[in-house]
Amino acid sequence: MNPNYIFAAAALAVFGALSSPQPASAVEGNAARGQRVFGACAACHSLEPNRNMTGPSLSGLWNRQAGHLASFKRYSPALKSSGIIWADNSLDAWLKEPQQFIPENQMTFAGIKDDQPRADLLAFLKDATQPGHAPSANVQQGDMMGMMGGGTSSLKKLEAAERVQAIRHCEDTYKVTTADGKTRDFWEQNLRFKTDSSDEGPVKGAPAILRAGMMGDRASVIFAAPDEFGKFISNGC
Ligand code: HEC
């Protein structure tokens, strides 16, 4: 072949690549790298069916209508009525700039502007959102949950030291008595009260206390239902 011709063709290819920006979908995604990008999502989204967190489970995402996972109760009207069907192109546009793609949605995430990490993430999600293909929960959530002593383990089986029997509010302090007979003091702003009504949540009448954060000075008390707040928390020193 004529070497001049080859040079001309190569030059044309380079020129073509520079002058006409490729659509994002033309960037080749790498699922292994994409799994690391998913770390930006994992605090809010699980890949297990119907395990909803701040955001809906992403299991079974492809071909699902936006805002229509029945078990997720916190969709914004904007997402629910968008009429979008999740597919390669719509997910690419959503993850690039969520607020532009569906204005007024309530996902507090700025988007991934670079094409390559977005393509990597989509390559990972396309497989991992299929039934039975999700990597284990530990991989999904990194080491954060382990560090916080929480995680996905059931609150139905608690050590005595984790089972709350009474809480007294005294000046700026909560005094938490657990089933091992010990009472620990927490500054009132370091104790959080939560409920977990899921299958993993505590048994009625047996709220759990879990250490949170890395300093050991914070904790969460998790009740089966909000009507237990009043039963367990009293005033007095
Ligand atoms: C701070 C929490 C948070 C982060 C981080 C986050 N999301 Fe979301 N996501 C949400 C919430 C909340 C919604 C529901 C928004 C609404 O209803 O407007 C949502 C909705 C979605 C939806 C639509 C699902 C459906 O059922 O229609 C997809 C897809 C999605 N997120 C993917 C991602 C991906 C991928 C990432 C990481 C790049 C990510 N999100 C990061 C909270 C988050």
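The preceding data block contains the structure.
Residues numbered from 1 in each chain as written. Predicted model: local features only at pLDDT ≥ 70, side-chain atom pairs only at ≥ 80, totals over all residues. Heavy atoms only, no water.

1. With respect to the sheet that holds strand β7 (residues 233-235)
Each strand in a sheet pairs with another by means of backbone hydrogen bonds, the pair being arranged parallel or else antiparallel.
At step 1: Taking strand neighbours across the sheet as the criterion, the four strands line up as β3-β2-β1-β7 in an open arrangement whose pairing is mixed. Strands at the two margins of the open sheet, each flanked by one partner only, are β3 (183-187) and β7. Between one strand and the next, the sheet's axes are offset by a mean angle of 25°, whatever the strand orientation.
At step 2: Pairing geometry for strand β1 (residues 164-170) and strand β2 (residues 173-178), over six bridges, is antiparallel. (Pairing = 2+ DSSP bridges. Helix = DSSP H or I, 4+ residues; strand = E, 2+ residues; numbered from the N terminus. Axes fitted to C-alpha atoms, helices over the stretch in contact; angles between N-to-C directions.)

2. Topic: the coordination of the iron atom of the ligand
At step 1: Looking at the iron atom of the ligand, the protein donor atoms are His45 (NE2) and Met107 (SD), and they sit 2.0 to 2.1 Å from it.
At step 2: In this structure, the iron atom of the ligand is coordinated by six donor atoms arranged in octahedral fashion, with angles at the metal of 85 to 177°. You can see histidine 45 sitting in the loop between α2 (31-37) and α3 (77-80) and its partner methionine 107 sitting in the loop between α5 (98-101) and α6 (115-128), a full 62 residues away along the chain. (Donors = N, O, S within 2.8 Å, 3.2 Å for Na, K, Ca; no water. Tetrahedral: all angles 85-135°; square planar, octahedral: opposite > 155°, others 65-115°.)

3. Observations concerning the state of the cysteines
At step 1: What the rule picks out here adds up to one disulfide.
At step 2: Paired through a disulfide, cysteine 170 and cysteine 237 show a sulfur-sulfur distance of 2.1 Å. Linking cysteine 170 and cysteine 237, the disulfide has an S-S dihedral of approximately 100° and is accordingly described as right-handed. In this pair, cysteine 170 sits in strand β1 while cysteine 237 sits in the segment after β7, placing the two residues 67 residues apart along the sequence.
At step 3: Its relative accessible area of 64% is what places cysteine 237 among the exposed residues. (Disulfide = S-S within 2.5 Å. Buried < 20%, exposed > 50% of the residue type's maximum accessible area, 1.4 Å probe, protein only.)

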